[in-house]
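Each chain, written out:
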Amino acid sequence: MTTTGTDRDALHRRLHRIEGQVRGIERMVEQDAYCIDVLTQVAAASRALQSVALLLLDDHLHHCLTEAAQAGPNLHTQNVTEASQAIARLVRS
């Protein structure tokens, strides 16, 4: 991963917030909260994780694929295939 320190810090902050959201969901389940309220929080956490995934994918496309293209066609083709497979996994989830 070729993120700058600032980008990495932003990702860490987002992931810590998501971790807090998941702990909050766990508490809601333990406290037998209203199902719709729990589902709303699950949806919010899922969207937050998708946002992180999109940031990581964007970083990969801008940095890793650019570097691979400069390294040669074999590595570039391999990295494009990996990116396509990652996008397919994101779309299915």
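Below, the structure is looked at part by part. Since this is a predicted model, take the numbers as computed values, not measurements.

The rules behind these values
- Residue numbers run consecutively from 1 along every chain, following the written order of its sequence.
- Where totals are concerned, whole chains, interfaces and linings use all residues; where local detail is concerned, this predicted model gives features only for residues with pLDDT of at least 70, and gives and counts side-chain atom pairs only at 80 or more.
- The basis for the side-chain values is all heavy atoms of the structure; hydrogens and waters are excluded.
- Helix and strand labels come from DSSP, where a helix needs a run of H or I of at least four residues and a strand needs a run of E of at least two; each type is numbered from the N terminus.
- Type-normalised accessible area, obtained with a 1.4 Å probe on protein chains alone, sets the label of each residue: buried when under 20%, exposed when over 50%, and partly exposed for intermediate values.
- The span expected for a helix works out to 1.5 Å for each residue beyond the first.
- For a residue, the bend is simply the angle between two axes, fitted respectively to the seven-residue segment ending there and the seven-residue segment starting there.
- Patch building starts from residues that exceed 30% relative accessible area and form no salt bridge, then joins like charges within 9 Å and nonpolar side chains (Val, Leu, Ile, Met, Phe, Trp, Tyr) within 5 Å.
- Only the protein chains shown count as covering a residue, and every accessible area follows the Shrake-Rupley method with a 1.4 Å probe.
- The salt bridge definition used is simple: a Lys or Arg side-chain nitrogen within 4 Å of an Asp or Glu carboxyl oxygen.
- Axis definition: a line fitted to C-alpha atoms, limited for helices to the stretch in contact. Angles are taken between N-to-C directions and run from 0 to 180 degrees.
- If an angle is under 35 degrees, it is roughly parallel; if it is over 145, roughly antiparallel; if it lies from 65 to 115, roughly perpendicular; otherwise it is oblique.
- Two helices crossing with the near one rotated counterclockwise from the far one by less than a right angle form a left-handed crossing, whereas a clockwise rotation gives a right-handed crossing.
- By the convention used here, residues are in contact when the closest approach between their heavy atoms is within 4.5 Å.
- Note on residue classes: Ala, Val, Leu, Ile, Met, Phe, Trp, Tyr, Cys and Pro are nonpolar, Asp, Glu, Lys and Arg are charged, and everything else, Gly too, is polar.

Some thoughts on unusual backbone geometry
Look at Asp32: it is not a glycine, yet its phi comes out positive at around 60°. Mapped onto the elements, Asp32 comes out in the loop between helix H1 (5-30) and helix H2 (35-71). A residue is classified by how much of its surface remains accessible, and Asp32, at 69% relative accessible area, is exposed.

Focus on H2
In an α-helix, one turn spans 3.6 residues; hence positions three or four apart end up facing the same way. Taking 1.5 Å per residue as the helical rise, H2 with its 37 residues ought to reach 54 Å, and the 52 Å between its terminal C-alpha atoms agrees with that figure. The axis of H2 is deflected most strongly, by about 35°, at His60. Of all the positions in H2, only Val38, Ala44, Ala45, Ala48, Val52, Ala53, Leu57, Asp59, His60, Cys64, Leu65 and Ala68 are classed as buried. Phi turns positive, to about 140°, at Gly72, one or two residues after H2.

Structural notes on a nonpolar patch on the surface
Taken together, Tyr34, Ile36 and Leu39 make up a surface patch of nonpolar side chains, about 350 Å² in accessible area. Following the sequence through the fold, Ile36 ends up in helix H2. Classification of Ile36 by relative accessible area gives partly exposed; the value is 46%.

Focus: the environment of Arg14
For Arg14, the position within the fold is in helix H1. With 35 residues separating them along the chain, Arg14 and Leu49 place their C-alpha atoms 8.6 Å apart.

Observations concerning the packing of H2 against helix H3 (residues 73-92)
Geometry of a packed helix pair, given as the angle between the helix axes and the separation of the axes. It is at 8 Å that the axes of H2 and H3 come closest, and there the two elements cross at 165°. For the element pair H2 / H3, the angle class is roughly antiparallel. In this structure, the crossing between H2 and H3 has a hand that is left-handed. Every residue of H3 that contacts H2 at Ala53, Leu57, His60, Leu61, Cys64, Leu65, Ala68, Ala69 and Ala71 is listed here: Leu75, His76, Asn79, Val80, Ala83, Ile87 and Leu90. Among the residues forming the contact of H2 with H3, the class breakdown is 13 nonpolar, 3 polar and no charged.

A word on the environment of Arg89
Mapping Arg89 onto the fold places it in helix H3. Looking at Arg89, the relative accessible area reads 48%, which means it is partly exposed. The spacing of Arg89 and Arg17 is 72 residues in sequence and 23 Å in space, taken between C-alpha atoms.

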